[in-house]
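# Inside the fold
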Amino acid sequence: MNDLVRVILLGIIEGITEFLPISSTGHLLIAEKLGLGARSDLFNVGIQAGAILAVTLIYWKRLWQLLTQWRDAANRDYLAKLTVAFLITAVLGLIAVKFGFKLPETVTPIAWALVIGGLWMLGAEALAARQPDRREVTWRVAILVGFAQMVAGIFPGTSRSAATIFAGMLAGTSNRAAATEFAFLVGIPTMYAATGYELLKVFKEGGAAHEDWNALAIGFIVSAVVAFIAVKWLLGYIRTHRFTPFAIYRIALGAALLIWLPTGG
């Protein structure tokens, strides 16, 4: 397969899966195992930033409101909670890096994370449905979302969007749209920071000359375009639908991987 085609396919996979609650990191690792080839950490984080750019464009009015109308008490409170959630993730992420955390090289842990996460989503959706409709983002929600982002980063297959959305819904923001908005907005500084960190590391270690910048640029653009379409669709979908189909897909995919690649690939 032509390398350009591989890069485009990886960008498409990232764009579709980054914000759907099915795990982008897990799908990228699976795709690499199934023939699309291993890529650098900067490439993987960089195409994730492409998906984040799409969300930035979709939520630009909300972001502009928060940044320019911060004197409003409600906006200031919301911005503070976004900041705290981001800082929790950032600090825990740096600790994980310091202790030498590495992503798994086999599919098995991803498959189990997909299955367990899918079952958890079904249970969480049922519990959230029993709560009154609440749009408010409390401090408990902000703190738990920050921790949920880190859990998703440590266990590929968990899905950052699934972990953060359902952490928010179970912690008190039972309204799907409100929980999703907060989860997505927290992801913006988180992924930009991760991309910046990887970029600095590449330059510091002298790896810039060995990085395929053309592939990274193409993957970034493809991911951004596809993610824009996927997120627009998802935001419309969740107004009237539950996340149940995504949970079933996760369970089916995880089970298939455990059967097909019992040794992890």
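See the structure printed just above.
Sequence order as written defines residue numbering, which begins from 1 separately in each chain. The model is predicted, so local features are restricted to residues of pLDDT at least 70 and side-chain atom pairs to those at 80 or more, both for listing and for counting; the totals for chains, interfaces and linings are taken over all residues. Derived side-chain values reflect all non-hydrogen atoms in the structure, with water molecules and hydrogen atoms excluded from consideration.

Attention shifts here to the nonpolar core. Among the buried residues, those of types Ala, Val, Leu, Ile, Met, Phe, Trp, Tyr and Cys that are joined through side-chain atoms within 4.5 Å form a nonpolar core. Type-normalised accessible area, obtained with a 1.4 Å probe on protein chains alone, sets the label of each residue: buried when under 20%, exposed when over 50%, and partly exposed for intermediate values. Phe 182, Phe 184, Phe 243 and Phe 246 are the most contacted members of the largest nonpolar core, which has 43 residues in total. Secondary structure elements with two or more residues in this core: helix H3 (41–58), helix H5 (73–98), helix H6 (108–129), helix H7 (139–154), helix H8 (160–171), helix H9 (176–204), helix H10 (213–237) and helix H11 (244–260). Contact criterion: two residues are considered in contact whenever any of their non-hydrogen atoms come within 4.5 Å of each other. Sequence-distant contacts of Phe 182, defined by excluding residues within four places in its chain, comprise Tyr 78, Lys 81, Leu 82, Ala 85, Val 137, Ala 142 and Val 145. If you look at the next biggest cluster of nonpolar residues, it comprises 12 residues, including Val 7, Ala 31, Leu 42 and Phe 43. Only DSSP runs of H or I covering at least 4 residues are called helices, and only runs of E covering at least 2 are called strands; the numbering of each starts at the N terminus.

Okay, the pattern of salt bridges next. If the charged atoms of two oppositely charged side chains come close together, the side chains can form a pair. The term salt bridge refers to a side-chain nitrogen of Lys or Arg lying within 4 Å of a carboxyl oxygen of Asp or Glu. Enumeration according to the criterion identifies 6 salt bridges in this entry. The salt bridge involving Glu 181 is made with Arg 62; its shortest N-O contact spans 3.5 Å. Placement of Glu 181 in helix H9 and of Arg 62 in helix H4 (residues 60–68) is noted, with a sequence separation of 119 residues between them. Glu 181 sits in the partly exposed class, given a relative accessible area of 21%. Residues Glu 125 and Arg 176 are paired through a salt bridge, measuring 3.1 Å at the closest nitrogen-oxygen approach. In this pair, Glu 125 is assigned in helix H6 and Arg 176 in helix H9, connecting sequence segments 51 residues apart. Both residues of the pair, Glu 125 and Arg 176, belong to the buried class.

Time to look at H11. In this model H11 runs 24 Å from its N-terminal to its C-terminal C-alpha over 17 residues, within 8% of the 24 Å that 1.5 Å per residue would give. Within the span of H11, buried status applies to Phe 246, Ala 247, Arg 250, Gly 254 and Leu 257. Mapping the buried residues of H11 onto a view down its axis gives an arc of 100°, with all of them on the same face. Structural note: H11 exposes Ile 259 and Trp 260 on the side pointing more than 90 degrees away from its buried face. Residues of H11 that are buried in the fold lie against helix H2 (24–36), H6, H8 and H10. Expected span of a helix: the number of residues minus one, times 1.5 Å. When we speak of the arc, we mean the arc of directions from the helix axis to the C-beta atoms.

Take the packing of aromatic side chains next. Side-chain rings of Phe, Tyr and Trp (the six-membered ring for Trp) are treated as a pair once their centres are within 6.5 Å; stacked means planes under 30 degrees apart, edge-to-face means over 60, and tilted covers the remaining angles. In total, this model carries 9 aromatic pairs according to the counting rule given. With a centroid separation of 4.7 Å and 65° between ring planes, the pair formed by Phe 19 and Phe 184 is classed as edge-to-face. Taken together, the positions of Phe 19 in the loop between helix H1 (3–17) and H2 and Phe 184 in helix H9 put the pair 165 residues apart, joining distant regions of the chain. Like Phe 184, Phe 19 is buried.

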